[in-house]
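Structure at a glance
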Amino acid sequence: YTPYQAEIAQGRLEALLNFQTMVSDLTGLPLAGASLLDESTAAAEAMAMCYSIGGGHDSAKDTFFVADDCHPQTIAVVQTRGESLGVKIVVGDANSFDYSSGNCCGILLQYPTTHGRLVDYREVIAQAHGAGAQAVVAADLLALTMVTPPGEFGADIAVGSAQRFGVPMGFGGPHAAYIATKLEHNRRMPGPVS
């Protein structure tokens, strides 16, 4: 028996829906996408979302803060993408950054950090929200089975890699990324949403 195209498409759609449902459940955010390359580019897409939400080129919110304990490859890709969009990328300590300047469209935090530490980001995210910035959390999906989901401590967007859910490290890559956000940002989310 050879499956027809419609049956294959239906199976793919079901697999995407299962993936998006899992991501939504683990991140604590209601809307998940299913078409991103890897964690670094997902973080860059989230930065572009924050810039767009903040008003884009017509706004003074032209700065995106990246915590220095994010993965180095993520920092590098966000810096490159920010340069092409005209977004100023500031890398530093999340606890000492001045969120009150009013020009920050978003922040990126790693959960757990690149060094494996679990940090409670509630206060940092509250400061960012107080300044009108969006909070992006790059989170490990497998860790999210055991720790508080980003959506529950204030994150507006969660990104990361699905590598730890089935594609072994030596099997090649890049490993499928995920992105999840609040429902009000559905028009700014990259890729298809089933």
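**Re helix α4 (residues 122–130)**
Buried within α4 are the following residues: Val-124, Ile-125 and Ala-128. Looking down the long axis of α4, one finds its buried residues gathered within 95 degrees of arc, a one-sided arrangement. Of the exposed residues in α4, the ones pointing more than 90 degrees away from its buried face are Glu-123 and Gly-130. Of the surrounding elements, those touching the buried residues of α4 are β4 (104–111) and β5 (134–139). Positive backbone phi, at 85 degrees, marks Gly-132, one or two positions downstream of α4.

**Overview of the pattern of salt bridges**
Counting across every chain of the model gives four salt bridges. For Asp-69, the salt bridge identified is with Arg-117, shortest N-O distance 3.5 Å. Taken together, the positions of Asp-69 in the loop between β2 (63–67) and α3 (72–85) and Arg-117 in the loop between β4 and α4 put the pair 48 residues apart, joining distant regions of the chain. The class for Asp-69 is buried, based on a relative accessible area of 14%.

**Brief notes about the pairing of strand β7 (residues 177–181)**
Among the five residues that make up β7, five are buried, leaving the element largely enclosed by the rest of the structure. Of the two faces of β7, the one carrying Ala-177, Ile-179 and Thr-181 and the one carrying Tyr-178 and Ala-180 are both buried. Pairing between strand β1 (residues 31–32) and β7: two bridges, direction antiparallel. Residue pairing in the sheet places Ala-32 in a bridge with Ala-180 of β7. Note: strand β6 (residues 157–161) against β7, five bridges, orientation antiparallel. Residue pairing across strands places Gly-160 opposite Tyr-178, the latter belonging to β7.

**Here's the deal with the packing of helix α2 (residues 39–53) against α3**
At a closest axis distance of 8 Å, the pairing of α2 and α3 adopts a crossing angle of 40 degrees. Taken together, the axis directions place α2 and α3 in an arrangement best described as oblique. Once α2 is placed against α3, the crossing between them reads as right-handed. On α3, the residues that touch Glu-39, Ser-40, Thr-41, Ala-43, Ala-44, Glu-45, Met-47, Ala-48 and Tyr-51 of α2 are Gln-73, Thr-74, Val-77, Val-78, Arg-81, Gly-82 and Leu-85.

**Focus on the state of the cysteines**
Inspection of every chain in the model, using the stated rule, returns zero disulfides. Its sulfur unpaired, Cys-70 is 12 Å from the next cysteine sulfur, which belongs to Cys-50.

**Digging into the nonpolar core**
If you look at the biggest cluster of nonpolar residues, it comprises 56 residues, and the most contacted ones within it are Phe-64, Tyr-99, Ile-107, Leu-108 and Val-159. A total of seven residues in this core trace back to one element, the largest contributor, which is α2. Not counting chain neighbours up to four residues away, the residues in contact with Tyr-99 comprise Phe-65, Ala-94, Ile-107, Val-124, Gln-127, Ala-128 and Ala-131.

Conventions used here
Residues numbered from 1 in each chain as written. Predicted model: local features only at pLDDT ≥ 70, side-chain atom pairs only at ≥ 80, totals over all residues. Heavy atoms only, no water. Buried < 20%, exposed > 50% of the residue type's maximum accessible area, 1.4 Å probe, protein only. Helix = DSSP H or I, 4+ residues; strand = E, 2+ residues; numbered from the N terminus. Arc of directions from axis to C-beta. Contact = heavy atoms within 4.5 Å. Salt bridge = Lys/Arg side-chain N within 4 Å of Asp/Glu carboxyl O. Pairing = 2+ DSSP bridges. Axes fitted to C-alpha atoms, helices over the stretch in contact; angles between N-to-C directions. Parallel < 35°, antiparallel > 145°, perpendicular 65-115°, else oblique. Left-handed = near helix turned anticlockwise from the far one by under 90°. Disulfide = S-S within 2.5 Å. Core = buried A, V, L, I, M, F, W, Y, C linked by side-chain atoms within 4.5 Å.

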